[in-house]
Each structure stands twice: as structure tokens, then as C-alpha cells.
Amino acid sequence: MKNKKAGNQAGLLNQENKEKSATSDSSSFQMVLALQTTLDLEQLLNLFSMHLQAFVAHSGSSFSNEALEVELSLGRKGRHVCSYNLQLEGESLGEWQMSRDRRFTEPELDRTEALLCHLLYPLRNGLKYRVALSHAYTDPLTQTGNRAALFQSLQRELELARRYGTPLSLILLDVDHFKSINDNFGHDTGDAVLRSIARSIKDSVRGSDILFRYGGEEFVIVLSNTAKGGAMNLAERIRRIVETSVCDVRGLNLRITLSLGVATLRPGETHLELLHRVDQAMYQAKRSGRNRVADAIEIEA
Ligand SMILES: Nc1nc2c(ncn2[C@@H]2O[C@H](COP(=O)(O)OP(=O)(O)OP(=O)(O)O)[C@@H](O)[C@H]2O)c(=O)[nH]1
């Protein structure tokens, strides 16, 4: 055991480290079976903590993997913390911690280490699954959510908006005359412009506002808990930021503009109907001369 991390008690755990008598008793066997039942990291850590309680009482536990931006915690953090850097076959899986207000005893720590060995393979599978899922929902060019991710997120946000009676708005934006960028400077430059636009939009929205690539040169921003006024202001701010900044791609200082549509969820509306309205609003912005924001209400009046 090496003291690797801050905390009251800490250790480095790897597969070769400890395989103690814990495997022999039935509670530990139950734990092994339970950990085979899911690839979801949150469920996995929940199951591990629940089964560990039978051996080592603790008030809270957590797991983090910085590289994969995983940060999960359960229960209440106590004053005494015991943390382990989990490794499997030389691969770092992340840091697991448990805590409570009373010090952990040596036999309890031995027990924990032995039981943590059961978590290593399921945890590695869970991490791989998370990476695969994130690839399936990420647009590789702009590193934003893709269309599948948008549909999933929209359905979830719609449900939350209905349940809590909160407003939900969408912005759909399309790059103006994008074809001419491809035609004049090549497809690679077009790709670089899309990456640059995605980056500026991400920099101008709140963390809770999620950006998705809807298709070609179209992006959608899902604004939870945002009414029409706030969405119009944000759309106008993005329009201005893009219009006034020079897109420096491969030494070409390009001027880019956007056409944006805004729509706010109506009672009883489906996510497809909302998407249709915001799409119509964006086309209205195109028809009225581009480089502007159109409100879905105006086009129906
Ligand atoms: N470089 C690049 N181009 C793309 C990508 N996806 C779509 N496009 C191009 O985007 C262009 C879209 O052109 P149009 O739909 O005619 O629209 P536009 O030129 O932006 O004109 P308006 O939208 O009317 O202002 C086409 O040339 C597509 O080939 C991509 O991933 N990379």
C-alpha cells in the first residue's frame, strides 16, 4: 500500500494486490454476482457500496476518473476518508473513496481492499461502455452532441419542462452561404469553420445550455428553463458575436454570419413539432435577408 492521495487513509490497489479470504463467504459472492448485472457506472458503484455496507459501514462513497470526466458520489461525506487509486493490468481506472465520521480500522481496510478487487473488471467494462456511448452520441467533427443525442436530450427536457412547469426554448442556427466557403476554399476549410463556430457558441452559452450539430451546417441549442425573451436575447448575442468576430482559419480571415430561429415549447407540443417550428423560424430568418434572428411566433401571425 502506498499513500498516494490526500485523505486520512489511502492506498493503491491493483489486481495482483490482494485476493483475500473475502471471496469465500456468501455475502462477497452475492456482491460478485450483483456487479455482473450492469454496465452503468452509477448503478455499479451503488451496488458496490450497498454490498460493502455488510462488511464495512460507511456514510458516503465516490468515484472519479478525470480523463473521462466521470464524477459520481453517493451518500454523505464523513470526516474520515479512505481513498484508493484503482488499477487493472497497468491501466488506471480512477479513484474510489469511502468515508464516515469514525476512523476505519485496519481489518476493515483489508476487507475493503479485498472486496474492491471484485469491482475492477466490472468497472473497466462500465468505463469502456461509457466511452462507446459517448462516441455514439458525439459529432466527431465539432465534438458537440449529434442528432441522436439531440433527440434523446429533447425528449428528456420536454418531460422535465412538463413535470415542473418550466419553460423550454430552442435555437436553430444555420451558417449563411456556407456552400460558397466550401466552393471557394475547399471542404477542409469548411470543416474548420464549422469547428470554429461550434467553439464560439460553446464559449457563449451557459453550461446547462446544450449544443448539438443537427446536420451539415445547422446547430441546435436546447435551453432548459428559458422563456422566449431569454432565448431571443441569447440568439441575438450569438449572431452578433459571430458577425463581429473574424474566423481565422488557415490564415484566411473569414467573415461568417448566421441565420437563427427561436421557438418556445407550447402546451401539448411534441419534440418534433417544436423542432419543426424552430426550423420554420430559421428559414424565415433566411428569407428576410439572413444574418438575423426570427421568432417562431412572428411567422405564424
Ligand atoms: N465542409 C463541410 N461542408 C458541409 C458539411 N455538411 C454539409 N456541408 C455543406 O454545406 C453546404 C450547405 O449549402 P446550402 O444548403 O446550399 O446552404 P448555404 O450555402 O449555407 O446557403 P444558405 O443556407 O441559404 O445561406 C453544402 O455545400 C454542403 O455540402 C460538412 O460536414 N463539412
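In this report, the structure presented in the accompanying data block is examined. Position labels on residues start from 1 in each chain and follow its written sequence. The model is predicted, so local features are restricted to residues of pLDDT at least 70 and side-chain atom pairs to those at 80 or more, both for listing and for counting; the totals for chains, interfaces and linings are taken over all residues. Each side-chain value is derived from all of the structure's non-hydrogen atoms; neither hydrogens nor water enter the calculation.

1. Considering the layout of surface pockets
Only protein atoms enter the 1 Å grid, on which a cavity is a set of points fitting a 1.4 Å probe that cannot get out and a pocket is an open set with protein on both sides within 12 Å along at least 5 of 7 lines, lining residues being those with an atom within 4 Å of a point. Grid points are joined across faces, edges and corners, and a volume is the space filled by probe spheres set on the points. A volume near 650 Å³ is recorded for the largest pocket. Residues are grouped as follows: nonpolar covers Ala, Val, Leu, Ile, Met, Phe, Trp, Tyr, Cys and Pro; charged covers Asp, Glu, Lys and Arg; every other residue, Gly included, is treated as polar. Across the lining of the largest pocket, the residue classes break down as 5 nonpolar, 5 polar and 3 charged. Domain delimitation follows an automatic or database domain assignment. Of the residues that make up the lining of the largest pocket, three or more belong to each of domain 1 (9–136) and domain 2 (147–300).

2. Re the environment of Arg-239
Counting from the N terminus, the helices are the DSSP runs of H or I reaching at least four residues and the strands are the DSSP runs of E reaching at least two. Mapping Arg-239 onto the fold places it in helix H7 (residues 228–244). Separated by 145 residues in sequence, Arg-239 and Gly-94 place their C-alpha atoms 41 Å apart.

3. Some words on the nonpolar core
Nonpolar cores are built from buried Ala, Val, Leu, Ile, Met, Phe, Trp, Tyr and Cys residues. Side-chain atoms within 4.5 Å join them into one set. Each residue's exposure class comes from its accessible area (1.4 Å probe, protein chains only) as a fraction of the maximum for that residue type: buried when under 20%, exposed when over 50%, partly exposed otherwise. Residues Ile-171, Leu-173, Val-193, Ile-221, Ile-238 and Ile-256 are the most contacted members of the largest nonpolar core, which totals 30 residues. Secondary-structure elements contributing two or more residues to this core are strand E6 (168–175), helix H5 (178–185), helix H6 (187–204), strand E8 (218–224), H7, strand E9 (247–249) and strand E11 (258–264). Considering every element that reaches this core, the biggest residue donor is H6, with 6 residues. Listed in part, the 29 residues of the second largest apolar core include Met-31, Val-70, Tyr-84 and Leu-127.

4. Focus on the site of the ligand
Near, as used in this document, describes a residue that has one of its heavy atoms within 4 Å of the molecule or strand being considered. Lining the immediate environment of the ligand, one finds 16 residues, of which His-177, Phe-178, Asp-191, Arg-213 and Arg-290 sit closest. Separating an oxygen atom of the ligand from a side-chain N or O atom of Asp-174 is a distance of 3.1 Å. Here a polar contact is taken to be a pair of N or O atoms separated by no more than 3.5 Å, where protein atoms must pair a possible hydrogen donor with a possible acceptor and residues adjacent in sequence count only if both atoms sit in side chains. The side chain of Glu-217 places a nitrogen or oxygen atom 3.3 Å from an oxygen atom of the ligand. Note on areas: these come from Shrake-Rupley sampling with a 1.4 Å probe, and a residue is covered only by the protein chains present in the view. Protein coverage of the free-state accessible area of the ligand, which is 660 Å², stands at 67%. When residues of the shell around the ligand are traced back to their parent elements, those giving at least two are E6, H5 and H6. Among the elements that take part in the shell around the ligand, H6 stands out by supplying 4 residues, more than any other. Looking at the shell around the ligand residue by residue, the classes come out as 3 nonpolar, 5 polar and 8 charged.

5. A few points about the packing of aromatic side chains
Note on aromatic contacts: the rings of Phe and Tyr and the six-membered ring of Trp form a pair at centre separations within 6.5 Å, being stacked when their planes are under 30 degrees apart, edge-to-face when over 60 apart, and tilted otherwise. Applying the stated criterion to the full structure yields 2 aromatic pairs. Ring geometry for Phe-48 and Trp-96: centres 5.5 Å apart, planes at 85°, overall edge-to-face. Here the residue Phe-48 occupies a position in helix H2 (residues 41–52), and Trp-96 occupies one in strand E5 (residues 91–100), the gap between them amounting to 48 residues. Trp-96 sits in the buried class, given a relative accessible area of 1%. The structure contains a cluster of three or more aromatic residues connected by ring pairs, namely Phe-48, Tyr-84 and Trp-96.

6. Looking at a positive patch on the surface
Surface patches are defined over residues having more than 30% relative accessible area and no salt bridge, joining like charges when they lie within 9 Å and nonpolar side chains (Val, Leu, Ile, Met, Phe, Trp, Tyr) when within 5 Å. The rule for a salt bridge is simple: a side-chain nitrogen of Lys or Arg has to be within 4 Å of a carboxyl oxygen of Asp or Glu. Residues counted as positive are Lys and Arg, residues counted as negative are Asp and Glu, and His and the chain ends are not counted. A charge is said to be at NZ when it belongs to Lys, at CZ for Arg, at CG for Asp and at CD for Glu. Positive charge collects at one region of the surface, where Arg-195, Arg-199, Lys-202 and Arg-250 lie side by side. Considering the arrangement of structural elements, one finds Arg-250 in the loop between E9 and strand E10 (252–254). Taking relative accessible area as the criterion, Arg-250 reaches 55% and is therefore assigned exposed.

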